[in-house]
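Observations on the three-dimensional arrangement
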Amino acid sequence: MMLKVGILGGGQLGRMLLQAAANYPVETYVMENDPECPAAHLCHHFTKGDIRNYDDVFNFGKDLDAITIEIESVNEDALDALEQKGVKVYPRPSALRTIKNKITQKQYYKDQQIPSPEFVITQNLTELNGHVSFLPAVHKIGQGGYDGKGVQVIRTAADLGKGFDAPGVLEKMVNIHKEIAQIVAINEKGETAIYPPVDMVMDPQLNLLDYQISPAELPQQTLWKIEAIALAVVKGLKSPGIFAVELFVDKNGDVLVNETAPRVHNSGHHTIEANYSSQFDMLWRVMLGYPLGNTDHILSASIVNLVGADGFSGPAVYEGLEEVLKMENVFVHIYGKKETKPGRKMGHITIVSKDRQDLSFKAHRIKNLLKVVS
Ligand code: ADP
């Protein structure tokens, strides 16, 4: 029987999910406002609608067998109603609620005794100004932050004005050694599968991912800590799905949870080529009730993000693409967005190799060769 499964959001993550869906007996549905979004032409049924609107989400989901998300900013009240109607909603709306707001997310870690940077809740700038003794710290907006845009580093009292005049959390500054992403799959039976952890190298200026390497190179003891903590985060949320737990390893080797995403994640793009079952394949297995896949890595991998070059807005042109396509063990993913603008995520390139030096050599070469202009 063909199950009907819906995805809320039609961005690049939805697109990659649909590419993996082609291997399964499933009829796919996507809802998104923009009929030209990356996932629109890969699904069986596209619905134009607002994923934040109760009626749109409810009407989209009411005749489906299961529904998932590719972005957190969805109407979770409608998902509650769909769950009550018997539609499988993975991640469950309760888990989504906990995660969606950084205040409830941080409170969850505290209640579950999961190590995470110490924090105080702030309702507005006036309250933030009262926490000088907590500095240096990082201020994070409760809801609506993404790609580093809801995060401000507050080193001294002079920086307090940079904080958010909205509910948020002020988190102690961590002395970061490495930033790690750990993807975990969990099915209806509570069985879990865990991917090799990924080393995310951040651009210190933009607070954005620069490049990443999998598997992360860390002492065995640190790897055990990461695995135990990520499993505790995911099991406590009591929801089937795919979860990406982002963690800090500090200069003392302590492991702290930064944040969790209840969905397929940018840090797992390489699993398409580098692991036996990709994160996208795995989510279908969870959604459709099949056995979990094999998360082992076949080869080490690196990802380079392809973002719109500064100074160019308009129809996208991929400069240097031919040169990159000539390279061995390099896989180009273009998301099919018609228009580029500075900093817009337009695609990614996965490099696989037995040799980690080859990974960084090729990653640098690709960064120099390939540009999205207009
Ligand atoms: P986003 O959800 O926008 O990605 P994050 O909470 O992951 O935001 O923060 C973005 C980046 O800011 C992190 O990847 C890290 O480099 C830095 N950062 C966040 N929290 C802390 C912290 N407590 N201490 C030090 N750096 C932090």
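Described in the following lines is the structure provided in the data block. (Residues numbered from 1 in each chain as written. Predicted model: local features only at pLDDT ≥ 70, side-chain atom pairs only at ≥ 80, totals over all residues. Heavy atoms only, no water.)

1. Some points on the sheet that holds strand β1 (residues 3-8)
Under the convention used in this document: DSSP bridges decide pairing: two strands pair if at least two such bridges lie between them. Starting at the N terminus, helices and strands are each numbered in turn, a helix being any DSSP run of H or I of at least four residues and a strand any DSSP run of E of at least two.
Spatially, β3-β2-β1-β4-β5 is the arrangement adopted by the 5 strands of the open sheet, whose pairing is parallel. In the strand order of this sheet, the two ends are held by β3 (45-48) and β5 (88-89), each with one partner. The pairing of strand β2 (residues 26-32) with β3 spans 4 bridges and is parallel. Bridge pairing in β3 links Tyr29 to His45.

2. Digging into the pattern of salt bridges
To keep it simple, the criterion reads: For this analysis, a salt bridge means a side-chain nitrogen from Lys or Arg found within 4 Å of a carboxyl oxygen belonging to Asp or Glu. Relative accessibility thresholds used throughout: buried, under 20% of the residue-type maximum; exposed, over 50%; partly exposed, between the two (1.4 Å probe, protein chains only).
All chains considered together, the criterion is met by 17 salt bridges. Between Glu72 and Arg263 there is a salt bridge, with the nearest N and O atoms lying 2.8 Å from each other. One end of the pair, Glu72, is in the loop between β4 (66-69) and α3 (76-84); the other, Arg263, is in the loop between β15 (255-261) and α8 (271-274), and 191 residues separate them in sequence. In this structure Glu72 comes out as buried when scored by relative accessible area, which is 17%. The buried category is assigned to Arg263, whose relative accessible area is 16%. Connected through shared salt-bridge partners, Glu76, Asp77, Asp80, Arg97 and Lys100 make up one network.

3. A look at helix α7 (residues 220-236)
Definition in use: To estimate the expected span of a helix, count its residues, drop one, and scale the result by 1.5 Å.
Across its 17 residues, α7 extends 24 Å between first and last C-alpha, which sits within 8% of the 24 Å expected from 1.5 Å per residue. Looking at α7, one finds that the buried residues are Thr222, Ile226, Ile229, Ala230, Leu231, Val233, Val234 and Gly236. Once α7 finishes, Lys238 follows within two positions and takes phi at roughly 50 degrees, a positive value.

In short, geometric facts, not functional conclusions.
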